[in-house]
Amino acid sequence: MSHAVITLEEKQRAYAQLHEVKALFSQRNWFAGTSGNLSVRVGDFSPEQFQFAITASGKDKSQQTPEDFLLVDQSGKPSEPTSLKPSAETLIHCEIYRLTGCGAIFHVHTVFNNVISEWFWDRKSVPVDGVELIKGLGNWEEEAHIDIPIVSNFADIPRIVPEITERLQHDIPGIMLRKHGIYAWGKNAFEAKRHLEAFEFIFEYVYRWELLNRSR
Ligand SMILES: CSC[C@@H](O)[C@@H](O)C(=O)COP(=O)(O)O
Ligand SMILES: [Zn+2]
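Residues numbered from 1 in each chain as written. Chains lettered and ligands numbered in written order. Predicted model: local features only at pLDDT ≥ 70, side-chain atom pairs only at ≥ 80, totals over all residues. Heavy atoms only, no water.

Thoughts on the environment of Phe52
- Here Phe52 shows up in strand S2 (residues 49-55).
- Look at Phe52 and you get buried, because its relative accessible area is 0%.
- The spacing of Phe52 and Gly103 is 51 residues in sequence and 8.7 Å in space, taken between C-alpha atoms.
- Contact partners of Phe52, with chain neighbours within four places excluded, come to Ser39, Val40, Arg41, Val42, Leu70, Leu71, Val72, Asp73, Thr90, His93, Cys94 and Tyr97. (Helix = DSSP H or I, 4+ residues; strand = E, 2+ residues; numbered from the N terminus. Buried < 20%, exposed > 50% of the residue type's maximum accessible area, 1.4 Å probe, protein only. Contact = heavy atoms within 4.5 Å.)

A word on the nonpolar core
- Core analysis: the biggest nonpolar cluster contains 63 residues, and Phe25, Ile96, Phe106, Val126, Ile148 and Ile164 have the highest contact counts within it.
- With residues near it in sequence (within four places) discarded, Ile96 still touches Gly101, Cys102, Ile105, Ile164, Leu168, Tyr183 and Trp185. (Core = buried A, V, L, I, M, F, W, Y, C linked by side-chain atoms within 4.5 Å.)

Things to note about the coordination of the zinc ion (ligand 2)
- The zinc ion (ligand 2) binds to the protein through Glu89 (OE), His107 (NE2), His109 (NE2) and His180 (NE2), with metal-donor distances spanning 2.1 to 2.6 Å.
- Taken together, the six donor atoms surrounding the zinc ion (ligand 2) define angles of 74 to 174° at the centre, an arrangement classified as octahedral. (Donors = N, O, S within 2.8 Å, 3.2 Å for Na, K, Ca; no water. Tetrahedral: all angles 85-135°; square planar, octahedral: opposite > 155°, others 65-115°.)

Focus on the site of ligand 1
- In the vicinity of ligand 1, 14 residues are found, and the nearest of them are Ser57, Gly58, Lys61, Ser87 and Glu89.
- Between Gly36 and ligand 1, the recorded distance is 2.9 Å, taken from a backbone N or O atom to an oxygen atom.
- Out of a free accessible area of 420 Å², ligand 1 has 73% covered by protein chains.
- Of the residues assigned to the shell around ligand 1, the class counts are one nonpolar, 11 polar and two charged. (Near = heavy atom within 4 Å. Polar contact = N/O pair within 3.5 Å; in protein donor to acceptor, adjacent residues only side chain to side chain. Areas by Shrake-Rupley, 256 points an atom, 1.4 Å probe, with all protein chains shown as cover. Nonpolar A, V, L, I, M, F, W, Y, C, P; charged D, E, K, R; others polar.)

Some remarks on the UniProt feature "binding site: Zn(2+)" (unreviewed entry) in the chain
- Here, the residues flagged by UniProt with the feature "binding site: Zn(2+)" (unreviewed entry) are His107 and His109.
- As for its placement among the helices and strands, His107 is situated in strand S4 (residues 104-108).
- Note on His107: relative accessible area 0%, which makes it buried.
- If we skip the residues at most four places from it in the chain, His107 touches Phe31, Gly36, Asn37, Leu38, Glu89, His180, Gly181, Ile182 and Tyr183. (UniProt positions renumbered as here; feature names shortened; annotations may be inferred.)

Let's talk about the pattern of salt bridges
- A full pass over the atoms with the stated rule returns 12 salt bridges.
- The partner of Lys22 in a salt bridge is Asp68, and the shortest N-O contact between them spans 3.0 Å. Of this pair, Lys22 sits in helix H1 (residues 8-27) while Asp68 sits in the loop between S2 and strand S3 (69-73); the two residues are 46 residues apart in sequence, bridging distant segments of the chain.
- Since its relative accessible area comes to 1%, Lys22 is described here as buried.
- Shared partners join several salt bridges into a network, and the residues in it are Arg28, Lys193 and Glu197. (Salt bridge = Lys/Arg side-chain N within 4 Å of Asp/Glu carboxyl O.)

A word on the sheet that holds strand S1 (residues 37-46)
- With respect to topology, eight strands assemble into an open sheet ordered S3-S2-S1-S4-S8-S7-S6-S5, the strand pairing being mixed. Since the sheet does not close on itself, it has two edges, and those belong to S3 and strand S5 (125-129), each with one partner. Strand-to-strand twist across the sheet, computed as the mean angle between neighbouring axes with direction ignored, equals 20°.
- Direction of pairing for S1 relative to S2: antiparallel, over a ladder of five bridges. Residue Arg41 lies in a different strand from S2, and its bridge partner there is Phe52.
- Set on the sheet, H1 makes contact with S1, S2, S3 and S4; between it and S1 the angle comes to about 155°. (Pairing = 2+ DSSP bridges. Axes fitted to C-alpha atoms, helices over the stretch in contact; angles between N-to-C directions.)

Structural data, given as structure tokens:
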């Protein structure tokens, strides 16, 4: 399948958005030890054909360089000549785009999301009740209850994908990987960032609340 043409302007816009989010998240220490990856979709979308800009694999994401991003297609292959290697987790981005048609996906490893994912692993989801920041996930119900899904983590990334296909919830813009991190998405970079920040607030809240209650 040939790739749809992405204009230089579209590509530069996507790279500029990734650059900005990457610099901001790195100030928050959200890219420890080269972890994390970010992507923004470009051009037209159908579940069978799309392209996105994604962070190159294994880079120190606290550094901003001219070689930070590349364009890939729906199968995760570079869609233009490049010496850069796409994120090792590109296939997870491909599957989330295919299932949701979203515009941006951000993935970070934090101590809070790692601890919480293990804490609730026996029920395979994190229950959250009535926390105001649930509204940051786009759910404006009074005293909303949500369950944030957690899937298995494997070193072999293609093994993770079927569980994402099975467990992704269309009303919850994120999914956790056990003792690994969170993937959050949105219709654009602004919304994906808001969702990720809301999730991380919720994880810290759940962590502190559980600790408080256990020590009583
Ligand atoms: C160095 S730990 C993190 C990696 O194993 C991976 O989980 C990750 O998030 C970053 O991989 P990358 O290939 O740079 O996108
Ligand atoms: Zn990761």
